[in-house]
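Architecture and fold: a report
Below, each chain spelled out in residue letters.
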Amino acid sequence: MPSLPDLTTLKAVLFDLDGVLTPTAEVHQRAWADLFSAFLAEYAESIGTEQAAWTRQDYFDHLDGRPRLDGVRTVLKARGIDLPEGDASDGPDAQTVHGLAARKNSAFTTALERDGVQAYPGSVRLLEHLAAAGTPMAVVSSSANAPAVMATAGIDHFFAEVVDGAVAAAEKLAGKPAPDTFLHAAERLGATAATSAVLEDATSGVAAGAAGHFAHVIGVNRGAGRQALLDSGATIVVDDLEELLP
């Protein structure tokens with residue numbers, strides 16, 4: 001395993017949000033589990049009891065790090081279920097790809113408003129260290145809820161740029177595992193992939209960093225598994241961002 005890099009020497013450090021800076025990945029997991037446990041049960045007769053069961057591994061295999069709509073499409077394809085695409089006007093009750101995405105987002109925002117969120121202490125310490133060194137930082141998240149999560153956790157002031165799901169849609173950027181959102185964030189900070197690091201807990205996000213040929217692709221093992229992150233292209237893996245402090 002290569003030695004840990006000194007992130008203060010870089011021109012940009014790009015963080016995923018959920019699972020890297022805040023434990024909102026757990027909220028996402030619960031919201032997806034509630035959605036698909038109920039939804040797949042409706043198809044048990046046609047796809048079989050085993051395929052209708054939802055597991056924690058399904059989240060890591062099909063959803064973690066992906067844009068919400070892509071995640072829905074990936075799960076449906078894996079289960080052999082065809083649904084109409086629908087459009088952005090579909091509400092949570094619509095039996096469409098957009099409808100399922102809206103249903104999940106409603107569950108997530110309700111949980112966030114009810115429970116709040118706090119950043120991981122080790123992540124805050126690294127952010128403080130990088131801020132003190134003047135290292136430019138950005139959040140790159142598939143979630144359109146990223147600004148609300150950051151504000152709730154009290155970490156939004158650390159970041160010069162946020163490239164979230166809304167920005168990706170407006171700029172027509174392909175979502176993770178494509179590297180486009182990370183490359184866009186680096187460019188906004190006046191950096192290149194060769195002078196930037198990506199920090200990700202999802203295999204799809206790690207794959208995006210590897211595809212973009214970033215100087216460092218740091219996997220954060222919050223449940224995906226050390227080997228899975230390495231196999232996806234992580235140059236190193238840590239269990240907590242505090243390990244990156246000098």
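Residues numbered from 1 in each chain as written. Predicted model: local features only at pLDDT ≥ 70, side-chain atom pairs only at ≥ 80, totals over all residues. Heavy atoms only, no water.

Going by what an unreviewed UniProt entry lists, the protein chain is known as Beta-phosphoglucomutase and is assigned to Kytococcus schroeteri. Regarding the protein chain, the UniProt comment filed under Catalytic activity (unreviewed entry) reads as follows: "beta-D-glucose 1-phosphate = beta-D-glucose 6-phosphate". Checking UniProt for the protein chain, the heading Cofactor (unreviewed entry) contains the comment "Mg(2+)". (UniProt positions renumbered as here; feature names shortened; annotations may be inferred.)

Counting across every chain of the model gives 9 salt bridges. Measuring nitrogen to oxygen at the nearest pair gives 3.0 Å for the salt bridge that ties Arg188 to Glu161. Linking Arg188 in helix 10 (residues 180–188) with Glu161 in strand 3 (residues 161–163), this pair joins segments that are 27 residues apart in sequence. Between Asp240 and Arg222 there is a salt bridge, with its nearest N and O atoms 3.7 Å apart. With Asp240 in the segment after strand 6 (236–238) and Arg222 in the loop between strand 5 (216–220) and helix 12 (226–231), the pair connects residues that are 18 residues apart, well separated along the chain. (Salt bridge = Lys/Arg side-chain N within 4 Å of Asp/Glu carboxyl O. Helix = DSSP H or I, 4+ residues; strand = E, 2+ residues; numbered from the N terminus.)

Taking strand neighbours across the sheet as the criterion, the 6 strands line up as 3-2-1-4-5-6 in an open arrangement whose pairing is parallel. In this open sheet, the two strands that pair with only one neighbour each are strand 3 and strand 6. Recorded for the sheet is a direction-independent mean angle of 20° between the axes of neighbouring strands. Two strands pair when backbone bridges link them, and strand 1 (residues 12–15) and strand 2 (residues 137–140) are joined in this way by 3 bridges, in the parallel orientation. Counterpart to Leu14 in the pairing with strand 2 is Ala138. Its contacts with the sheet put helix 7 (residues 121–133) on strand 1, strand 2 and strand 4 (196–200), and the angle it makes with strand 1 is roughly 160°. With respect to the sheet, helix 11 (residues 203–211) is in contact with strand 4 and strand 5, its orientation differing from that of strand 5 by roughly 170°. (Pairing = 2+ DSSP bridges. Axes fitted to C-alpha atoms, helices over the stretch in contact; angles between N-to-C directions. Contact = heavy atoms within 4.5 Å.)

In this structure the tally under the stated criterion is 7 aromatic pairs. With a centroid separation of 5.0 Å and an interplanar angle of 45°, the aromatic rings of Phe39 and Tyr43 are classed as tilted. Like Phe39, the residue Tyr43 is buried in the burial classification. Taken together, a centroid distance of 6.2 Å and an interplanar angle of 70° make the contact between Phe182 and Phe214 edge-to-face. Here the residue Phe182 occupies a position in helix 10, and Phe214 occupies one in the loop between helix 11 and strand 5, the gap between them amounting to 32 residues. For Phe214, a relative accessible area of 6% puts it in the buried group. Following the ring pairs from residue to residue traces out a cluster consisting of Trp32, Phe36, Phe39, Tyr43 and Trp54. (Phe/Tyr/Trp six-rings, centres within 6.5 Å; stacked < 30°, edge-to-face > 60°. Buried < 20%, exposed > 50% of the residue type's maximum accessible area, 1.4 Å probe, protein only.)

Among all positions in helix 4 (residues 56–63), only Asp58, Tyr59, Phe60, His62 and Leu63 are buried. Those residues of helix 4 that are buried lie in contact with helix 1 (24–41), helix 5 (68–79) and helix 11. Gly65 lies just past helix 4 and shows a positive phi near 85°.

Bringing the nonpolar core into the picture now. One broad trend across soluble globular proteins is that nonpolar side chains are buried collectively. Of all hydrophobic cores here, the largest spans 44 residues; its most connected members are Leu14, Phe36 and Phe39. Residues lining this core come from more than one domain, with at least three contributed by each of domain 1 (7–23 + 118–244) and domain 2 (27–115). Setting aside residues no more than four positions away along its own chain, Phe39 makes contact with Leu76, Ile81, Leu83, Gln95 and Leu100. By size, the runner-up hydrophobic cluster in this structure holds 34 residues, among which are Phe15, Leu17, Leu112 and Val220. (Core = buried A, V, L, I, M, F, W, Y, C linked by side-chain atoms within 4.5 Å. Domains from an automatic or database assignment.)

Residue alternation in strand 1 divides its side chains into two sets, Ala12 and Leu14 and Val13 and Phe15, and both sets are buried. As paired strands, strand 1 and strand 4 are joined by 4 bridges and run parallel to one another. Opposite Ala12, over in strand 4, you have Ser196 as the bridge partner.

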